[in-house]
Amino acid sequence: LHEKVDRLAFSCIWEVDAEANILSSRYEKTVIRSAGALSYDEAQARLDDTRLDDPLTASLRILNTLAKQLKARRMAAGALVLGSPEVRFVLDSETSDPTDVGIYKHKDANSMVEEFMLLANCSVAAATTAAFPKCAMLRRHPPPLPGAFESLKRSLGQHGFELDDASSLALGRSLDACAKPDDPYFNQLTRILATRAMQQARYFSSGAAPPSEYVHYGLACPIYTHFTSPIRRYSDQMVHRLLAAIIGWEPLSSDVLDARAMTDLTDNLNHRHTMAQYAGRASVGLHTLIFFRGKEVEEDAHVIK
């Protein structure tokens, strides 16, 4: 997006009150013109600088206030803060070799965007499923399998902690309690191991499972899909086609309405998503190896197996 340049979009538009409750919603093909093109760091700087009171900064602060209420509501419902640290590399402009490495830090500006993306995904999931109950493209996160946390429970027990996995809400509160104030690596590792113990989120067709199985465990959402990133995920393209049909923008092809074809498609999406995760992890491993090649670095470590 560029500042003050027209861009075509597919918009989810809500009317909300001061407590971030949705009063009405609609979906439209739109032309948008951004008031500003900001990086996350630039947006965060505006949120933090109390000297700024221009309309753009004021709008950001309103959105941030609403986002915090949305997040608080999700957390109260049992949404989890899981451990999946995102490694970022700085690459040499000529050789493409990594010159620096670090963990990407999420701030209020990141969370603000994330909350509205989650809200859009939940809203669109409900709308498309209501219109196409047998062939909507959804994403679910099944609850952990019985005994999935037993190994982690034993490890935490050795440190005097007790993990409660009776529900996502209980697990989230328990993970908050299983923390050492002076050991952030231990706290992060606990969440990473908890994340690894869970099942993977998967795409599925709404007709392939009863509504009771639509739930996204990690987000504590009764129904969820991917709508917000059509430039990088094919699942979002399918959701856009369904939504476009709902508003009368374009008709659906017969394949989209074929439950068997949709199941085959979601199976392929799940496979490709898993392969992309493996490729991403391998890329991080390769660039980490290149970065530390020839260097001697001493760091504290935790043995997990």
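Above this text you will find the structure in question.
Rules used in this analysis
- Residues numbered from 1 in each chain as written.
- Predicted model: local features only at pLDDT ≥ 70, side-chain atom pairs only at ≥ 80, totals over all residues.
- Heavy atoms only, no water.
- Helix = DSSP H or I, 4+ residues; strand = E, 2+ residues; numbered from the N terminus.
- Buried < 20%, exposed > 50% of the residue type's maximum accessible area, 1.4 Å probe, protein only.
- Contact = heavy atoms within 4.5 Å.
- Areas by Shrake-Rupley, 256 points an atom, 1.4 Å probe, with all protein chains shown as cover.
- Lys, Arg positive; Asp, Glu negative; His and termini not counted.
- Charge placed at Lys NZ, Arg CZ, Asp CG, Glu CD.
- Expected span 1.5 Å × (residues − 1).
- Salt bridge = Lys/Arg side-chain N within 4 Å of Asp/Glu carboxyl O.
- Pairing = 2+ DSSP bridges.

K.L.:
An account of the overall build of the protein is needed here, citing residue identities and associated values.
P.N.:
Helix and strand content of the protein: 8 helices and 6 strands. Each helix and strand of the protein, ordered N terminal to C terminal, gives the series β-β-α-α-β-β-α-β-α-α-α-β-α-α. Principal-axis analysis of the C-alpha atoms gives the protein an extent of 60 × 50 × 45 Å. Split into buried and exposed, the 305 residues of the protein put 34% on the buried side. A separation threshold of at least 6 residues defines the contact pool for the protein, and within that pool the share at least 24 residues apart is 65%. As displayed, the protein offers around 18,600 Å² of accessible surface, 54% of which is attributable to carbon and sulfur atoms. Counting 34 positive and 38 negative side-chain charges, the protein places the centres of these two groups 4 Å from one another.

K.L.:
So what's going on with helix H6 (residues 184–196)? Residues and values would help.
P.N.:
With 13 residues, H6 ought to run about 18 Å at 1.5 Å a step, and its terminal C-alpha atoms sit 19 Å apart, in line with that. Listed in full, the buried residues belonging to H6 are Phe-186, Asn-187, Leu-189, Thr-190, Arg-191, Ile-192 and Ala-194. Of the surrounding elements, those touching the buried residues of H6 are helix H4 (150–157) and helix H5 (168–177).

K.L.:
For unusual backbone geometry, give the residues involved together with the corresponding values.
P.N.:
For Lys-4, which is not a glycine, the phi torsion comes out positive at approximately 60 degrees. With respect to the helices and strands, the residue Lys-4 is situated in the segment before strand S1 (6–16). One non-glycine residue, Ala-20, adopts positive backbone phi at about 65 degrees. Summarising the element assignment, Ala-20 is placed in the loop between S1 and strand S2 (22–33).

K.L.:
Which residues make up the pattern of salt bridges, and what are the values?
P.N.:
One side chain can pair with another of opposite charge once the charged atoms of both are near each other. For the structure shown, the criterion picks out 13 salt bridges. Between Lys-4 and Glu-3 there is a salt bridge; the shortest N-O distance is 3.3 Å. On the basis of relative accessibility, which here comes to 53%, the residue Lys-4 falls in the exposed class. With relative accessibility at 44%, the residue Glu-3 sits in the partly exposed group. One salt-bridge network, in which partners are shared between bridges, spans Glu-150, Lys-153 and Asp-165.

K.L.:
Summarise the pairing of strand S3 (residues 87–91); cite the residues concerned and give the values.
P.N.:
As defined by bridge partners, S3 adjoins strand S4 (residues 98–103) across 5 bridges and the pair is classed as antiparallel. Within S4, the position partnered with Arg-88 by the bridge is Gly-102. Turn length for the S3-S4 hairpin, with the two strands adjacent in sequence and antiparallel, is 6 residues, and the turn residue Ser-96 shows positive phi of about 65 degrees.

K.L.:
Tell me what's going on with the pairing of S2, and back it up with residues and numbers.
P.N.:
Bridging between S1 and S2 involves 11 bridges; their strand directions are antiparallel. Bridge pairing links Ser-11 to Glu-28 in S2. Between S1 and the antiparallel strand that follows it, S2, lie 5 residues; Ala-20 among them carries a positive phi value of about 65 degrees.

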